[in-house]
Amino acid sequence: MGRRLILDTNILIAYERGAIDRASLDEDELAIAAVSVAEYRVGIELADTAARAADRARSLSAMMSVLDVLDYTERTAVHHARLIAAARQIGRPRGAHDLIIAAHAAETGRTIVSRDAKARFADLPDVLAVEP
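Notes on the structure in this doc start here. (Residues numbered from 1 in each chain as written. Predicted model: local features only at pLDDT ≥ 70, side-chain atom pairs only at ≥ 80, totals over all residues. Heavy atoms only, no water.)

Turning our eyes to something else, we now look at the overall build of the protein chain. Counting its secondary structure elements, the protein chain contains five helices and five strands. In the protein chain, the succession of α and β elements from N to C terminus is β-α-β-α-α-β-α-α-β-β. Here the protein chain has a C-alpha radius of gyration of 15 Å; the compact-globule value for 132 residues is 14 Å, and the two agree. Burial statistics for the protein chain: of 132 residues in total, 40% are counted as buried. Long-range pairs, those at least 24 residues apart, make up 66% of the contacts in the protein chain with a sequence separation of at least 6. When the accessible surface of the protein chain is totalled, it reaches about 7,300 Å², and 53% of it is carbon and sulfur. Across the protein chain, the centroid of the 17 positively charged side chains sits 4 Å from that of the 20 negatively charged ones. (Helix = DSSP H or I, 4+ residues; strand = E, 2+ residues; numbered from the N terminus. Rg over C-alpha atoms; globule rule 2.2 N^0.38 Å. Buried < 20%, exposed > 50% of the residue type's maximum accessible area, 1.4 Å probe, protein only. Contact = heavy atoms within 4.5 Å. Areas by Shrake-Rupley, 256 points an atom, 1.4 Å probe, with all protein chains shown as cover. Lys, Arg positive; Asp, Glu negative; His and termini not counted. Charge placed at Lys NZ, Arg CZ, Asp CG, Glu CD.)

Rendered as structure tokens:
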């Protein structure tokens with residue numbers, strides 16, 4: 001088994017579009033936060049055509065068959081609160097969903113894979129992040 005990773009929502013979108021080397025993740029243990037499922041489903045709900053919504057729904061279904069979905073638990077909440085506090089203390093607020101993904105990473109010892117430079121995941125305590 002390769003790396004233990006948690007994928008940011010933008011990686012799911014890039015995967016759907018064929019914009020990342022899918023084989024590069026084949027050996028890794030992959031997970032996503034439940035909030036990423038919601039973020040991705042927003043794209044299904046807002047699709048401009050029924051066909052595009054159906055394509056996105058099929059992509060999500062295929063991805064879900066190989067991804068572990070991490071639920072938000074009391075333990076996740078402890079990490080989440082610590083990361084919110086850290087972001088506020090350094091004066092760099094973060095998106096609510098980004099901090100939930102980071103909390104899951106800190107809780108499970110996974111590395112976040114993200115293309116979102118604005119999230120600055122690696123600046124957070126006990127969070128590792130890489131670009132694909």
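Applying the stated criterion across every chain yields a total of nine salt bridges. In this structure, Asp-48 engages Arg-52 in a salt bridge whose closest nitrogen and oxygen atoms are separated by 3.3 Å. Taking the shortest distance from any N to any O, the salt bridge between Arg-58 and Asp-55 comes out at 2.3 Å. Pair noted here: Arg-58 and Asp-55 are both in helix H3 (residues 50–64), with a separation of three residues, about one helical turn. Three or more residues joined by partner-sharing salt bridges are found here, namely Arg-4, Glu-29 and Arg-110. (Salt bridge = Lys/Arg side-chain N within 4 Å of Asp/Glu carboxyl O.)

We now examine the environment of Arg-3. Relative to the assigned elements, Arg-3 resides in the segment before strand S1 (4–7). In this structure, the C-alpha to C-alpha distance between Arg-3 and Leu-25, residues 22 residues apart in sequence, is 8.7 Å. The residues contacting Arg-3, other than those within four sequence positions of it, are Ser-24, Leu-25, Asp-28 and Glu-29. At a separation of 3.5 Å, a polar atom in the side chain of Arg-3 contacts the main-chain carbonyl oxygen of Ser-24. (Polar contact = N/O pair within 3.5 Å; in protein donor to acceptor, adjacent residues only side chain to side chain.)

Attention now moves to the packing of aromatic side chains. Applying the stated criterion across every chain, the model contains zero aromatic pairs. One Lys or Arg, Arg-22, reaches over the ring of Tyr-15 and ends 4.6 Å from the middle of that ring. (Phe/Tyr/Trp six-rings, centres within 6.5 Å; stacked < 30°, edge-to-face > 60°. Lys NZ or Arg CZ within 6 Å of the ring centre and 35° of its normal.)

Let us now look at the pairing of S1. Of the strand pairs in this sheet, S1 and strand S2 (residues 29–33) are connected by three bridges, and their pairing is parallel. In the strand pairing of S2, Arg-4 is matched with Glu-29. Strand direction decides the pairing type here: S1 and strand S4 (residues 111–113), joined by three bridges, are parallel. Bridge assignment links Leu-5 to a residue of S4, and that residue is Thr-111. (Pairing = 2+ DSSP bridges.)

Within the secondary structure, Ala-14 sits in helix H1 (residues 9–17). Using a relative accessible area of 4% as the deciding quantity, one classes Ala-14 as buried. Put simply, Ala-14 and Arg-115 are 101 residues apart on the chain and 9.2 Å apart in space, counted from C-alpha to C-alpha. Ignoring any residue separated from it by four or fewer positions in sequence, one finds Ala-14 in contact with Ala-19, Ile-20 and Arg-115.

All we've got here are geometric facts, nothing functional implied.
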